[in-house]
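What the coordinates show
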Amino acid sequence: MYMVSVDAEKCVACGECAGACPGSVFVVNEHAELTGNECMGCQSCILICPAEAITLSEF
Ligand code: SF4
Ligand code: SF4
């Protein structure tokens, strides 16, 4: 399984990750949060994030 986490101190709330993710749902307010648990580990959100705020874990 994969899980992404967002560093709230780096996130600039641009919303790019929400548009890039096909498997999970990002909710962007003051910073992005991930809801749901369907991350496929595709790294699209990580690659598109301009703030390098997203990290991927495999467990
Ligand atoms: S790695 Fe892919 S599936 Fe997982 S949260 Fe990011 S964009 Fe979505
Ligand atoms: S792409 Fe990065 S900076 Fe933009 S909302 Fe998502 S986590 Fe935050």
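For the structure, see preceding data.
In short, a report on the structure. Predicted model, so just to flag it, every value in this text is computed and none were measured.

With that out of the way, let us pick up the pairing of strand 3 (residues 32-35). Successive residues of a regular strand alternate their side chains across the two faces of the sheet. Sheet topology places strand 2 (residues 25-28) next to strand 3; four bridges connect them, and they run antiparallel. Following the sheet pairing, V25 is matched in strand 3 by T35. What sits between the antiparallel neighbours strand 2 and strand 3 is a turn of three residues.

The backbone phi angle of A13 is positive, close to 55 degrees, even though this residue is not glycine. Turning to its location among the elements, A13 is positioned in the loop between strand 1 (2-6) and helix 1 (16-20). For A13, a relative accessible area of 26% corresponds to the partly exposed category. The backbone of Q43 shows a phi angle near 70 degrees, a positive value even though the residue is not glycine. If you trace the backbone, Q43 turns up in the loop between strand 3 and helix 2 (44-48). Since its relative accessible area comes to 40%, Q43 is described here as partly exposed.

Thresholds, definitions, all that
- Residues numbered from 1 in each chain as written.
- Chains lettered and ligands numbered in written order.
- Predicted model: local features only at pLDDT ≥ 70, side-chain atom pairs only at ≥ 80, totals over all residues.
- Heavy atoms only, no water.
- Pairing = 2+ DSSP bridges.
- Helix = DSSP H or I, 4+ residues; strand = E, 2+ residues; numbered from the N terminus.
- Buried < 20%, exposed > 50% of the residue type's maximum accessible area, 1.4 Å probe, protein only.

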